[in-house]
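Close look at the chain arrangement
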Amino acid sequence: MGVVLDGKQHARTVRQGLRERIARIRRQPGFHDWQPGLATILIGEDPASRAYVGTKEKACREVGIAPFGHRLPATASADEVVTLIGRLNARPDVHGILLQLPLPDHLEPAPLIEAIRPDKDVDGLHPVNQGRLVLGQDGLRPCTPLGVMHLIDQSGMAIEGKRAVVVGRSNLVGKPIALLLLQRNATVTTCHSQTANLADHIRQADLVVTAIGQIDAIKGDWIKEGAGVIDVGISRGSNGLLKGDVEFAIAKDRAAYISPVPGGVGPLTVAMLLANTVQTAERQTKVRM
Ligand code: NDP
């Protein structure tokens with residue numbers, strides 16, 4: 001039976017490391033009141049988005065990051081959002097800006113994301129940061145893909161030379177994961193809704209990362225014996241419980257390691273947001289460690 005990766009525990013360790021890092025910086029001369037700041041922008045009243053933003057702001061406080069919450073009505077215009085982002089871009093105490101997605105239907109996300117200063121784009125979604133990722137250059141990476149890489153590294157399984165299959169190709173999740181795995185010298189196949197014979201691809205994979213959002217879409221008996229499985233998908237089952245994309249009970253008997261849902265990638269996504277915020281604060285304030 002495979003090892004079930006404990007995302008909550010790994011996230012706790014990351015958060016503890018960040019708390020200590022902030023404390024170390026504050027001990028440096030001239031930095032005693034140093035504090036990273038994260039501005040969150042929530043537009044509208046979507047209960048899931050409100051809960052996500054609340055979780056992120058609470059996690060900020062726990063590690064010593066100042067959260068600056070901004071709430072706009074669902075009727076907010078693109079101009080109002082861009083004006084707010086412009087103000088936050090200029091504030092020296094705000095080192096990261098998070099625009100909670102999805103947005104109300106009348107707002108296009110792309111121009112709003114592009115209004116965020118690339119060095120404050122802690123979600124790694126600005127075209128400059130996405131371009132840097134494609135080019136393999138230093139830049140802010142999206143949080144969920146960073147969380148996936150962290151979990152794989154914590155599993156102890158090598159990536160280099162492995163056959164990796166990523167299911168899902170969104171700009172937020174699937175595509176950046178595929179690029180990060182490629183950078184680490186995996187041989188990467190990206191699958192999506194139009195992929196023929198998905199099962200055949202998965203059967204050959206040493207590592208499967210799935211980000212679809214459909215319960216049990218990845219059958220447990222497709223998983224190669226000894227493979228690693230990271231399940232990013234989150235869906236609510238008919239019983240109200242959260243479920244991933246992978247048929248977990250069967251897959252875990254075949255996999256060397258597997259991430260559960262909930263308690264896998266989710267907690268690390270938040271931890272990586274905090275890590276990105278600390279990193280942007282260090283760079284903007286020229287901290288030397
Ligand atoms: P999207 O809906 O943007 O993308 C889903 C992807 O899955 C698409 O590329 C789509 O293909 C592909 N897909 C859909 N159905 C199938 C199928 N039957 N077989 C193969 N591929 C399929 O979602 P996101 O990328 O934003 O999110 C994916 C999942 O991850 C969701 O469940 C979301 O809730 C979860 N998530 C979890 C996070 C966490 O912290 N754990 C953070 C972010 C997301 P195509 O491109 O052809 O349409």
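Residues numbered from 1 in each chain as written. Predicted model: local features only at pLDDT ≥ 70, side-chain atom pairs only at ≥ 80, totals over all residues. Heavy atoms only, no water.

1. What to know about the overall build of the chain
Short version of the rule: Secondary structure is summarised from DSSP: a helix means a run of H or I of at least four residues, a strand means a run of E of at least two, and numbering begins at the N terminus for each. Taken over C-alpha atoms, the radius of gyration is set against a globule rule of 2.2 Å times the number of residues to the power 0.38. Only protein chains enter the accessibility calculation, which uses a 1.4 Å probe; a residue whose area is less than 20% of its type maximum is buried, one above 50% is exposed, and one in between is partly exposed. Throughout, a contact is declared for two residues whenever any of their heavy atoms are within 4.5 Å.
A tally of regular secondary structure across the chain gives 10 helices and 11 strands. A compact globule built from 289 residues should have a C-alpha radius of gyration of about 19 Å, and the chain, at 19 Å, falls within 12% of that. Dimensions along the principal axes, computed over C-alpha positions, put the chain at roughly 55 × 45 × 40 Å. Residue burial in the chain is summarised as follows: out of 289 residues, 48% are buried. Contacts spanning at least 24 positions in sequence make up 69% of the contacts within the chain whose residues lie at least 6 apart.

2. Points about the site of the ligand
Quick reminder of the rule: We call a residue near a given molecule or strand whenever any one of its heavy atoms falls within 4 Å of it. Side-chain atoms alone can form a polar contact between residues adjacent in sequence; in general such a contact is a pair of N or O atoms within 3.5 Å, and within protein one must be able to donate a hydrogen while the other accepts it. Accessibility throughout is a Shrake-Rupley quantity obtained with a 1.4 Å probe, and a residue counts as covered only by protein chains that appear here. Polar here means any residue other than Ala, Val, Leu, Ile, Met, Phe, Trp, Tyr, Cys and Pro, which are nonpolar, and Asp, Glu, Lys and Arg, which are charged; Gly is therefore polar.
Neighbouring the ligand are 19 residues; Arg169, Ser170, Ser193, Ile234 and Thr269 lie closest to it. Take serine 170: an N or O atom from its side chain is 2.5 Å from an oxygen atom of the ligand. Histidine 192 places a main-chain nitrogen or oxygen 3.5 Å from a nitrogen atom of the ligand. Coverage of the ligand by the protein amounts to 68% of the 920 Å² it exposes when considered alone. With three residues, helix 10 (residues 265–284) is the largest single contributor of residues to the shell around the ligand. Class assignment for the residues of the shell around the ligand results in eight nonpolar, 10 polar and one charged.

3. Some details on the sheet that holds strand 5 (residues 163–167)
Test applied: Two strands pair under a simple rule: DSSP has to find at least two bridges between them.
Reading across the sheet, the six strands line up as 1-11-8-7-5-6 and stay open at both edges, with parallel pairing between neighbours. Since the sheet does not close on itself, it has two edges, and those belong to strand 1 (3–4) and strand 6 (187–191), each with one partner. The pairing of strand 5 with strand 6 spans five bridges and is classified as parallel. Bridge pairing in strand 6 links valine 167 to cysteine 191.

4. Brief notes about the pairing of strand 3 (residues 66–72)
For the record, the criterion: Crossovers are described as right-handed under a simple rule: with the strands pointing away from the observer, the path leading from the first strand over the helix to the second runs clockwise.
Pairing between strand 2 (residues 37–43) and strand 3: seven bridges, direction parallel. Along strand 3, the bridge assignment pairs alanine 39 with phenylalanine 68. Read from strand 2 through helix 2 (residues 47–63) to strand 3, the crossover connection turns out right-handed.

5. Brief notes about the nonpolar core
Test applied: Buried residues of nine kinds, namely Ala, Val, Leu, Ile, Met, Phe, Trp, Tyr and Cys, make up a nonpolar core once their side-chain atoms join them within 4.5 Å.
Counting 46 residues, the largest nonpolar core has Ile152, Leu181, Val209 and Ile230 as the members making the most contacts within it. At the level of secondary structure, the elements contributing two or more residues to this core comprise helix 1 (7–26), helix 2, helix 6 (143–155), strand 5, helix 7 (174–183), strand 7 (207–210) and helix 10. Take this core: its biggest share by element is nine residues, from helix 10. Apart from residues lying up to four places away in sequence, leucine 181 is in contact with Met149, Ile152, Ile159, Ala164, Val166, Ala186, Val188, Leu207 and Val209.

6. Quick word on the pattern of salt bridges
Using the following cut-off: For this document, the term salt bridge refers to a Lys or Arg side-chain nitrogen within 4 Å of an Asp or Glu carboxyl oxygen.
Applying the stated criterion across every chain, the model contains 11 salt bridges. In this structure, the salt-bridge partner of aspartate 153 is arginine 184, at a minimum N-O distance of 2.8 Å. Of this pair, aspartate 153 sits in helix 6 while arginine 184 sits in the loop between helix 7 and strand 6, and the two are 31 residues apart along the sequence. A relative accessible area of 37% means that aspartate 153 is categorised as partly exposed.

7. Considering the side chain of lysine 252
Worth spelling out the cut-off: Counted as positive: Lys and Arg. Counted as negative: Asp and Glu. His and the chain ends are not counted at all.
The residue lysine 252 is located in helix 9 (residues 248–254) in this model. Here lysine 252 is buried and forms no salt bridge, its nearest opposite-charge partner aspartate 253 lying at an N-O distance of 4.5 Å. If sequence neighbours within four positions are ignored, lysine 252 has contacts with Met1, Gly2, Val4 and Ile258.

8. Here's the deal with the sheet that holds strand 4 (residues 96–99)
As a reminder of what qualifies: Only the contacting stretch of a helix is used when fitting its axis, a line to C-alpha atoms as for every element, and angles between N-to-C directions run 0 to 180 degrees.
Within the open sheet, the three strands sit side by side as 3-2-4. Their pairing is parallel. Each of the sheet's edge strands pairs with one partner strand only, and the pair in question is strand 3 and strand 4. Adjacent strand axes in the sheet meet at a mean angle of 15°, parallel and antiparallel pairs treated alike. Summarising the sheet, strand 2 and strand 4 pair through four bridges and their orientation is parallel. In the strand pairing of strand 4, isoleucine 41 is matched with leucine 99. Sitting on the sheet, helix 3 (residues 78–90) is in contact with strand 2, strand 3 and strand 4, with an inclination near 175° to strand 2.

9. Focus: the packing of aromatic side chains
This is how it is decided: The criterion for an aromatic pair is that two Phe, Tyr or Trp rings (for Trp, the six-membered ring) have centres within 6.5 Å, with stacked assigned to planes under 30 degrees apart, edge-to-face to planes over 60 apart and tilted to the rest. Consider the ring centre and the ring normal. A charge sits over the ring if Lys NZ or Arg CZ is within 6 Å of that centre and within 35 degrees of that normal.
Overall, the coordinates contain zero aromatic pairs when judged by the stated rule. Sitting over the ring of phenylalanine 68, arginine 91 keeps its end group 4.7 Å from the ring centre.

10. What to know about the packing of helix 1 against helix 10
Inclusion rule: What sets the label is the angle itself: under 35 degrees gives roughly parallel, over 145 gives roughly antiparallel, 65 to 115 gives roughly perpendicular, and the rest give oblique. Should the near helix be turned counterclockwise from the far one by less than a right angle, the crossing is left-handed, whereas a clockwise turn marks it as right-handed.
Packing of helix 1 against helix 10 leaves a shortest axis separation of 8 Å and a crossing angle of 15°. Considering the angle they form, helix 1 stands roughly parallel to helix 10. Every pair of crossing elements has a handedness; the one defined by helix 1 and helix 10 is left-handed. Residue-level contacts link Gly7, Lys8, His10, Ala11, Val14, Arg15, Leu18, Arg21, Ile22 and Ile25 of helix 1 to Pro267, Leu268, Ala271, Met272, Leu274, Ala275, Val278 and Glu282 of helix 10.

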